[in-house]
Structure formats: structure tokens, C-alpha cells
Amino acid sequence: MTKKKHKEEVLFNFNGGWDYSPSPESTGHVKLKERYDLYIDGKFVAPNSGKYFPTTNPATEKVLAQVAHADESDVDKAVKAARKAYENVWSKLSAKERGKYIYRIARLMQEKARELAVVETLDAGKTIRESRDVDVPLACNHFFYYAGWADKLAYAFPNRTVSSLGVAGQIIPWNFPLLMAAWKIAPALAAGNTVVLKPAETTPLTAMLLAEIIHESGLPAGVVNILTGYGDTGAAIVNHPDINKIAFTGSTQVGKIIQKAVAGTGKKLTLELGGKSANILFEDAPIDQAVEGIVNGIFFNQGHVCCAGSRLFVQESVAEEVIQKLKDRLDTLYVGDPLDKNTDIGAINSREQLDTIRKYIKIGKDEGASMYESSCEIPKTGYFVRPTLFTDVAQSSRIAQEEIFGPVLTIQTFRTIDEVIQKANNSPYGLAAGVWTDKGSRIFNMTSKLRAGVIWANTYNKFDPTSPFGGYKESGFGREGGLQGLGAYLRMENGELQN
Amino acid sequence: MNRNKTFKQIPDFKLSPTVDKVGVEERVARFQTRSIKNESKVQGLKMVLNMIDLTTLEGKDTPGKVRQLCYKAQHLHDLQEGLPTVAAVCVYPTMVAEAKKALGDSGIKVASVSTAFPSGQSTREIKLLDTQFAVDNGADEIDMVISRGKFLAGDYNFVFDEIAAIKEVCGKARLKVIFETGELASLDQVRRASDIAMYAGADFIKTSTGKIQPAATMQVTYTMLCAIRDFYRKTGVKVGMKPAGGISSSKLALHNLVMVKETLGNEWLNNEWFRFGASSLANDVLMQLVKQETGHYQSADYFSID
């Protein structure tokens, strides 16, 4: 973790000197299987096709395990199991009993938190600090939170009579594998539905550990089915005629395909898609904390965050100072072994994503933007990118328009409030935004004018199960989390709850 | 080492940067997740020992007590080889001569509190005499307190002028300016006090007297480190940092070093630019160092109390 000096007149020397010894989290307590099967109808079964695919550790490029590739016939089997469980067991169970199962899953996840965190880090490349302190605790909290709603559905939506939907098909991305599974499964179960869930092909392992936990919890067979596979598996779920609800988190491109596929089928749909969120810094902001928030906003989880604050707008009067501080801060970030407890930025999730990020860095350079990358050394094997800043960027630059989904920040300056609101909203996306100012009235002004589903004031990337999350425009529709997230899994009489 | 640079432009201290407490707490929590193990732990602990201002500031201090403390400063734990000495011994002005004599040519500095420590409730004349007395008795460093009453009343010019006046009396002695952050109440005020002190000539800025709680919380120290960083960036002048009071465990001390390293870089990781004001920290660090070598924690009775 030694670092090279960068040239400045006044130099802060963050390199070498007193360095942190390697501090890797132990993996001794984790025993991965060689092969993971599908979880259908309460049993772990081989895929009908007999096909398996490897899942690798992006930090070492080594294969971790073989994972079953579910095809259409496996999906059909899972949906039938889910339907049977819904009709015969889950919808007949008292709400209080349903809640008990969800609580039990949450507690078992907590008991196995360390194992889940390590496997998440191995499979996804994210740092152990984040798996341990963010992903796993938040995933547990989603189950705890929604367990509480299970027996209070009748009181959750005043003047509405609610009922469950049936079978929910859920497709989740690779950036927060376990957490996204929790976001999807917990409200679906609390609302009384059964589930067929497909994790992403690059990160299937924690979903399979969750299947083991669910199995151990004694949840009735077929209530939760977990199928691993590629896009074709997801398509089979989306197109299955006996599914009542599709919930998808992933790219806008795939989201559009799904929306077309379910049009006219009567399937309820929520989409949580991409983003190019604006982080807006005014001159009166607490600058040092804002710089932290910007760093957290874009470099959290290697920038693989749909709501990443990837477009920074800085008021011109403080731009020079802020950019200088960002550069200094970049040089204190440790990039490397995701299992090391001191690593700040881990591995890029896959070779494919690494190529995408490199492509955009090249586009940025070709567009004439000024690039600054941290001076840290990065490991020779595995998929790594240095945290990168681009200045001299315009609204018309592609790197400021398109979602990069990596540790790359574009920086633009602004002069007036109206200008920055206009620029922030000038995007096909509308997932999140951040506002940094010491002035309370300005925060409220901004939050009412920015078209984004989530707006953070003087912080960024804060998540809580009680708080709804979702986007405007091409960032999708529907909300996950909170009461709104519960409503997305319920049929409402006397008018449907608007997503 | 001590600076006598004055600045042509002094900023309006009413406009000192604002500080967001929640953000600071979050940043500090990140420092505390750093895992310091093995070689870096041993190296860090030795650095901590070498940065300590071993302190006795009591009404009941006597030359005898000070002599014992000075012996401890030079012989932290003779059973353990390769240990550094502490940076300085910190005493009241009346004990400076005794400490100076006891420390001889050990290289350990004598720091003296002054300016009607700890309340600072006295006249300018008395504060100057108090400081002059300490300097005349051979103090290498002066730890002054600011007039918190004047500061909280918004009389920043008074506070500035007082620091500048004391700095003049210090001569070759380095000046540490104590804010008593436990009385300033907010991080915005800590930041403002830091800016005033640095522009007025402080060689070090220091959190607390040790007489008021809370004292050197990581939040306060971090805010001051940020002020030092900005000041260095603007003026090219380095200022030292001394958290004092409340740091009694090795773990907390190491997390303070992490904070210094990641905020100001390696140049500040030595006792010329960073000190711990502490009386009980040294023995905990010694206990940890012995444990690193032997694999066992020893009873507190194996470490001398002076």
C-alpha cells in the first residue's frame, strides 16, 4: 500500500512512513461448496439441463464455486412450487405466524453475519468493511423491519383494504447481492406473497447462503425459491404467465425490455434502474465534510451504486479549494485486497464492468476533460481501477451523461442556484441527489425543485429500511423500503396505491 | 522550529468555515475502523510514547513529585529495551526550574502552562508576567489558555491580540494555545478558535486543560487537524497539534495517529508536530508493548506510577 507523491507546492506526504500492516479478515470459518444447486420447493435440486457455471473472485480472478444455470423448465418448476405454497400454505397462515418466520430469518442472518460478509466480499469484490458494516446489517434490518409489518397490514394503509398479490418474480443486480435479496424478499413475504428470486450471475453465492438460512428457518417449502442463472433465466421469470408481480433492480436497458414484456399481462411491476445523480456543493457548505460526502457518494462500493453521486456540481467560488481537497483525499484511499480491513476501495465486480469503466475513462480523455487519478498502486491481478476525477466537464460530455457505474467522478462548476437546478435535472435519470449547504431554507428549496427520488442534505448514500427508495424518469418507478415498499407487494381496493 | 512570521492579511474570523458535526462524527468513526496490527502497532505505540507530554498539574504538586515524574520521563520501563523517552514534561511555572534541573541534557523538553491556567481569568499584565516567569526559568514550551469568556462574547480581536502578546514574551519557547474546547460547545467555535490562534502565532494548538470534560474527543481533534491543513495550504506554515485530556488508552492514541496520518500526512507524525497531553496513557502503551513482545498482559503493578 505504498503511494507515489503528487506534485504540489505545499505537499502533504501521505506516502509510506507509518503504514498499516496487512490486516486480512480470516476466511477460515467459511466453507464454500464446490457446487451450488437451485433452491426449489424447499429442496436443493440440480438444474434440469445439468449445466453449471463458475463464479469467480474478482480480486483474484480465481473460481470460487460452480453454480447451477436454471432454464425455462426449472423456472416453471419454481413458479409452480411458489403457486402451490401460496395457495395451500402461505396465504392461509396467520399473519402473526408469517411474521415469526421473517423474524427468524433475520436472526439467523445475524448469527451468520460474519460468514455472509466474507462470502459477499469474496464473490463481489467489495471491501470487508462495507460488507461487514453496511450490506449485512442493513440486509438483516430489512427483514426485521418488514417482519413487524406482517401482522399490521390491515392498519398500514388507511381507507384501503389490502390483499397479497400471489407469486412475485424478483431479479436482482450484482452490486449489493445480499442486500438486494433482502430488499426484495422481506416485503414480499410480509405482504403474504411467495417468491421466485434470481441473483446476478457474477454474485450468486450469498443468495445461496440465504437459501440455506431460509431452509434452516423452516419456512414452508416453496414460499421462497432461489434460482441462479443468466439473463435467459431472468427472461423466463419475467415471461412466466403465472407470476403476478415482477420486481427488477438493474440496468435501464434491461428494465425497458422487461417493461415491454409485461405490458398487457396484468403483472404488477416495479423497476429500480440506473442513475447519474447530482451532488451539489454550495460555497457556504461545511467543505471538509462535503468532501467526505462526495468521496463516499462516488467511491462507496467502487462506484457500483445506482444512486452514486457521480456528477459533482461545485459553486465556482470554492471550486479550486474543493478540487484540491478531493485530490488530497483521493491519495489517502487504500485500493486493494477487499478482505483487508483497511481497504477503502475493493475490486471491480467483473471483467466486463472493468472494460466498461476503462471505456468511459478513455471517452473522458478523448472528450478533452482533465483527469486526475489517485497515485496509489493497484494489485497486478484482479479487476481494479484507481479512483478517478474528471474536471473541465460539460453537460454535453458523455461522461457526464451516461452511467459509468464505477469509481469515476465528473466535476462541473456553477454560478447560481437556478443554473445548478437546471443542470442537475437535465438528465434522463432521476434517482438521487445530494445538497451541501449550511443554509436550511436552501435545502428545502432544492429538495422541492430537484427531480430525484432520494435527496440527501449534507450527507450521501444513507440507507434505512424505513425509508422508501426509488427513482424518477429512466431511473424507474415504484419504491422499495418503508411503507411504500410494502405497498408495492399488495393489492389495494378502493383505489390502488400510486407507485 | 518556532516561527515568528506575521501575516499581511488576517481573515475575518466571523467567516471561519462551518463544520458539520454529523459529518465529523462519521469521518471519525472511519478512522476508528482502521485495524492496526503487528509491526505497525509496535511502531505506532513507540511513536505514541515519544509524543507524550507527561503531565502533572495539581495544586498539590511539589518539587519531589516533579523530580519523580522527570525520572519516569527518562526511564519509562527499563526492563524493556529500545523504548523512546517521552517528548516533554508539562508542569506549572513554579515547577519549571525543578523540572529543568531534573531533566538535564536528556533532550526532554519542559513545558509550562501559563496565563492563569486553567481558567485564564486574569489581566493581560499578570498573564504576561506568568509567561515571562516560566520562560525565565527555562521553559522550552509555553501552554497558554485563551480567554474563553472574551471568545464566547465574540471579542475575537481581544483573543487574537492576547495570543500575539504572549507569543512575543515566549522568545525561543514554542507556544501552545489551549482552547478548552469543552467550554466552546460547538465544532464551529473550535474551528474559529483554531484559525485565530494560528494567525496570531501559535506553534501548536491544543484542545484542553484536562480540567474540563469533555476534553480531547476525536471529533474536536479532527476539526483542529482540518484547520491546520487549511492553514498550511494557505500560508505554507506548519502548526502542531496537541490533544490533551481524556486519552488514556493505547487504542484511542493509535486512532489519533491514524487521524493525523490521513489528514496531515507523515510530516506530522513526530513529536515536533504532534503531542499527547496525558498522565496515564504511557503505562497503558507500555503494557501493550510488553504484550506484543511476550504475548501476555502483565498486571498494572509491573508498571511504575510516578
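Calculation notes
Residues numbered from 1 in each chain as written. Chains lettered and ligands numbered in written order. Predicted model: local features only at pLDDT ≥ 70, side-chain atom pairs only at ≥ 80, totals over all residues. UniProt positions renumbered as here; feature names shortened; annotations may be inferred. Helix = DSSP H or I, 4+ residues; strand = E, 2+ residues; numbered from the N terminus. pLDDT = per-residue confidence, 0-100. Contact = placed C-beta atoms within 7 Å. Pairing = 2+ DSSP bridges. Axes fitted to C-alpha atoms, helices over the stretch in contact; angles between N-to-C directions. Nonpolar A, V, L, I, M, F, W, Y, C, P; charged D, E, K, R; others polar. Buried ≥ 20, exposed ≤ 12 C-beta atoms within 10 Å, placed from the backbone. Right-handed = clockwise from strand over helix to strand, strands pointing away.

I tried to follow the UniProt feature "domain: Aldehyde dehydrogenase" (unreviewed entry) in chain A on my own but got confused; where do I start?
If you check UniProt for "domain: Aldehyde dehydrogenase" (unreviewed entry), the listed places come out as residues 44-492 of chain A in our numbering. Summarising residues 44-492 of chain A: 43% helix, 19% strand, and an end-to-end C-alpha distance of 35 Å.

Help me understand the confidence of the model for chain A, please; the structure alone is not making it clear to me.
Low pLDDT marks stretches whose predicted atomic positions should not be read closely. Overall, the predicted model of chain A reaches an average pLDDT of 95, with 97% of residues at or above 70. Contacts of residues 1-8 of chain A to residues separated by more than four positions or lying in other chains number 18 contacts, the stretch itself having pLDDT below 50.

Where do I start with the environment of I294(A) in this structure?
Residue and element names in this part refer to chain A. Topologically, I294 is positioned in helix α10 (residues 287-299). Along the primary structure I294 and F477 are separated by 183 residues, whereas in three dimensions their C-alpha atoms are 26 Å apart. Aside from chain neighbours lying at most four places away, what touches I294 is N279, G309, L312 and L326.

Help me out: how do you make sense of the sheet that holds strand β5 (residues 174-178) of chain B in this one?
In any sheet, the strands associate via hydrogen bonds between backbone groups, in a parallel or an antiparallel arrangement. Residue and element names in this part refer to chain B. Here we have eight strands laid out as an open sheet, ordered β7-β6-β5-β4-β3-β2-β1-β8, and parallel in their pairing. A single partner strand is all that each edge strand has here, and the edge strands are β7 (240-242) and β8 (276-278). If you compare each strand with its neighbour and ignore which way they point, the axes differ by 25° on average. Relative to β5, strand β4 (residues 141-145) is paired through five bridges, and the arrangement is parallel.

How should I be thinking about the interface of chain B and chain A in this particular structure?
It is common to give the size of an interface as the accessible area lost on bringing the parts into contact. Counting residues at the interface gives 30 residues for chain B and 24 residues for chain A. Secondary structure elements with two or more residues in the side of chain B that touches chain A: α1 (21-32), α2 (38-50), α10 (218-235) and α11 (250-264) of chain B. By residue number, the principal contributor to the side of chain B that touches chain A is α2(B), which donates six residues. Of the residues in the side of chain B that touches chain A, the class split is ten nonpolar, eleven polar and nine charged.

Honestly, the pairing of strand β8 (residues 194-198) of chain A in this entry has me stumped. Any pointers?
Where a strand is regular, its side chains alternate between the two sheet faces. Residues and elements named next belong to chain A. Counted residue by residue, β8 has five buried out of five residues, so it is predominantly covered. Relative to β8, strand β7 (residues 167-171) runs parallel, the two being bridged by five bridges. Bridging from a neighbouring strand, Q170 pairs with L197 of β8. With helix α6 (residues 177-190) bridging β7 and the parallel β8, this β-α-β connection has right-handed handedness. Once you follow β8 into helix α7 (residues 205-216) and on to strand β9 (residues 224-226), the crossover reads as right-handed.

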